[in-house]
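Residues per chain, in single letters:
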Amino acid sequence: MSLAERLDQVIDRAVSERRIVGCVVIAVEHGAEVYRRAAGHADREAGTPVADDTIFRLASVTKPIAAATALALVDRGKLALDTPVSDVLPWFTPRLADGRQPRITILHLLTHTAGLSIRPEDYVDADVVLSMANRAITLEDNMKRLAAVPLRNEPGTQWTYSMATDVLGAVCAAVMGMSFGAAARELVTGPLGMVDTGFAITDRARLATAYADAPGGAERMRAEHPVPNPAGTKTMFMPERIFNPDAFQSGSGGMAGTAPDFARFLAALLDNGAPILSPEIAAIGIADRIDPLPGPMPGEGFSCFGAVVCDPAATNSPVSPGTNHWGGIYGNNWFLDPVRQLALVAFTNTAFEGCNGRFRTEVRDAAYLDQTT
């Protein structure tokens with residue numbers, strides 16, 4: 001069975017079972033696109049099908065774009081991985097619970113080892129606005145609120161998924177003397193021709209409606225839509241945030257974009273970073289940067305772009321050692337295998353299934369099955 005047949009089966013099953021409403025899946029191997037398919041509905045109730053250029057809320061797929069923006073500044077000598085964040089943002093000086101002010105570096109932000117958190121309960125007293133919240137606030141104001149909350153641990157001693165990429169966006173904005181969105185456009189999305197990727201919708205008619213897991217199949221999201229999560233709490237989605245020009249430009253999750261745009265980004269990383277990064281910085285970017293710390297899951301580390309599979313057997317995964325992967329909570333996932341020179345992006349409009357449900361594992365495994373069988 002061919003790669004196309006295997007992926008088609010996965011997509012058809014997920015759509016027919018109402019786990020996924022709509023998706024665009026693209027695979028790139030050795031610099032060439034080897035699979036592309038749009039399936040299902042961008043708006044099920046209106047009968048609008050997904051197209052190749054359907055725009056999706058990226059959520060945490062924003063993070064690798066923010067990371068590439070920061071690494072491009074490292075490439076240009078405007079930052080270093082060991083630059084203290086406070087050298088760029090003098091007001092970002094969070095303290096530990098004992099009152100000490102530790103040294104937080106750019107690498108700590110890139111690898112989620114700064115001692116920050118992403119849990120809403122960690123910030124409720126400081127009224128920090130998380131990256132999905134639809135509120136009018138500037139990036140600097142929100143990061144100042146974040147800096148007022150005690151760190152969870154000494155920087156560099158623990159991996160904790162966090163709002164660090166929002167701080168990284170503020171760093172990039174300060175170094176470039178422009179908004180974070182403008183900096184990302186100048187250094188990353190512009191050179192790659194990612195014309196539909198940014199903090200505003202280029203064509204509202206092409207934006208996919210957001211859906212969420214529900215017992216009877218995916219349901220359309222409301223303006224404020226809580227969804228039970230694996231932690232036993234609820235995640236509050238606010239899909240209207242992308243239309244709010246006064247919401248801060250979140251490097252953690254504020255962008256929207258298309259699957260072809262992000263496939264260009266992954267292809268650039270496979271091509272030693274060209275044209276946005278030098279080969280040396282691209283290699284640094286995709287390598288595990290937290291060894292010997294444990295990463296998100298057993299057998300995983302973390303790079304500047306996402307989780308790194310260090311031990312495929314421990315992760316029950318067919319990918320090669322060194323494979324980077326991550327997702328976006330609105331329903332997206334991607335992986336990049338530098339050994340196989342293979343990358344895959346799967347954008348859906350269905351949370352959480354498209355991000356961390358069966359669909360993520362199924363499309364990954366379909367890309368690795370023996371094509372002769």
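Predicted model, so just to flag it, every value in this text is computed and none were measured.

A.B. asks: Help me understand the overall build of the chain in this model?
C.D. replies: A tally of regular secondary structure across the chain gives 12 helices and 15 strands. Taken over C-alpha atoms, the radius of gyration comes to 19 Å for the chain, in line with the 21 Å a tight globule of 373 residues would show. Across its three principal axes, the chain shows a C-alpha extent of roughly 60 × 40 × 35 Å. Buried residues in the chain amount to 58% of all 373 residues. Restricting the contact set of the chain to residue pairs at least 6 apart, pairs at least 24 apart contribute 65%. Accessible surface computed for the chain: about 14600 Å², of which carbon and sulfur atoms make up 52%. Charge-centre separation for the chain: the mean point of 32 positive side chains lies 4 Å from the mean point of 42 negative side chains.

A.B. asks: Sorry if this is basic, but what is going on with the nonpolar core here?
C.D. replies: Soluble globular proteins tend to pack their nonpolar side chains together in the buried interior. Counting 88 residues, the largest nonpolar core has Leu 109, Leu 116, Phe 265 and Phe 305 as the members making the most contacts within it. Among residues more than four places away in sequence, those in contact with Leu 109 are Val 85, Ile 104, Ala 114, Leu 116, Ala 164, Val 167, Leu 168 and Val 171. Core analysis: the second largest hydrophobic core is formed by 22 residues, Leu 3, Leu 7, Ala 27 and Phe 359 among them.

A.B. asks: Even after reading the chapter, I still don't get empty space enclosed by the protein, so can you show me in this structure?
C.D. replies: One way to see where empty space is left: roll a probe the size of a water molecule over the atoms. Inspection of the entire model under this criterion finds four cavities of 30 Å³ or more. One number sums up the size of the largest cavity: a volume of about 100 Å³. In terms of lining, the largest cavity is formed by 13 residues, of which the most central are Arg 57, Arg 241, Ile 242, Gly 253 and Tyr 330. In terms of residue class, the lining of the largest cavity is made up of eight nonpolar, three polar and two charged. Considered as a void within the structure, the second largest cavity measures approximately 80 Å³ in volume. Lining the second largest cavity are 14 residues, with Lys 63, Leu 110, His 112, Thr 165 and Cys 304 sitting closest to its centre. Of all the elements in the fold, those that place two or more residues in the lining of the second largest cavity are α2 (62–75), α4 (106–110) and α6 (164–176). The greatest single-element share of the lining of the second largest cavity, amounting to three residues, is contributed by α2. Among the residues making up the lining of the second largest cavity, the classes are represented as 10 nonpolar, three polar and one charged.

A.B. asks: What is the right way to read the sheet that holds strand β14 (residues 342–348) from this model?
C.D. replies: Strand pairing in a sheet is mediated by backbone hydrogen bonds. Such pairs are either parallel or antiparallel. Strand order in the open sheet formed by eight strands is β3-β2-β1-β14-β13-β12-β11-β10, with antiparallel pairing between adjacent strands. Looking at which strands have only one partner, the edges of the open sheet turn out to be β3 (48–49) and β10 (300–302). Here strand β2 (residues 32–43) pairs with β3 via two bridges, running antiparallel. Paired with His 41 across the bridge in β3 is Pro 49.

A.B. asks: Honestly, unusual backbone geometry in this entry has me stumped. Any pointers?
C.D. replies: Negative phi values dominate among residues other than glycine, just as trans dominates among peptide bonds. The omega torsion of the bond from Ala 274 to Pro 275 falls at 5°, within 30 degrees of zero and hence cis. Here Pro 275 is to be found in the loop between α8 (259–270) and α9 (279–286). Here Ala 351 and Phe 352 are connected by a cis peptide whose omega angle stands at 0°. Relative to the helices and strands, Phe 352 is located in the loop between β15 (350–351) and α11 (353–356). In the Ramachandran plot, His 30 falls in the positive-phi region, its phi being about 50° despite a non-glycine side chain. Turning to its location among the elements, His 30 is positioned in the loop between β1 (22–29) and β2. Even without being a glycine, Ala 59 presents a positive backbone phi close to 50°. Looking at where Ala 59 falls in the secondary structure, it is placed in the loop between β4 (56–57) and α2. Classification of Ala 59 as buried rests on a relative accessible area of 4%.

How each quantity is defined
Residues numbered from 1 in each chain as written. Predicted model: local features only at pLDDT ≥ 70, side-chain atom pairs only at ≥ 80, totals over all residues. Heavy atoms only, no water. Helix = DSSP H or I, 4+ residues; strand = E, 2+ residues; numbered from the N terminus. Rg over C-alpha atoms; globule rule 2.2 N^0.38 Å. Buried < 20%, exposed > 50% of the residue type's maximum accessible area, 1.4 Å probe, protein only. Contact = heavy atoms within 4.5 Å. Areas by Shrake-Rupley, 256 points an atom, 1.4 Å probe, with all protein chains shown as cover. Lys, Arg positive; Asp, Glu negative; His and termini not counted. Charge placed at Lys NZ, Arg CZ, Asp CG, Glu CD. Core = buried A, V, L, I, M, F, W, Y, C linked by side-chain atoms within 4.5 Å. 1 Å grid on protein atoms, 1.4 Å probe; cavity = no way out; pocket = protein on both sides within 12 Å on 5 of 7 lines; lining within 4 Å. Points joined across faces, edges and corners; volume = space filled by probe spheres on them. Nonpolar A, V, L, I, M, F, W, Y, C, P; charged D, E, K, R; others polar. Pairing = 2+ DSSP bridges.

The analysis is restricted to geometry; functional conclusions fall outside its scope.
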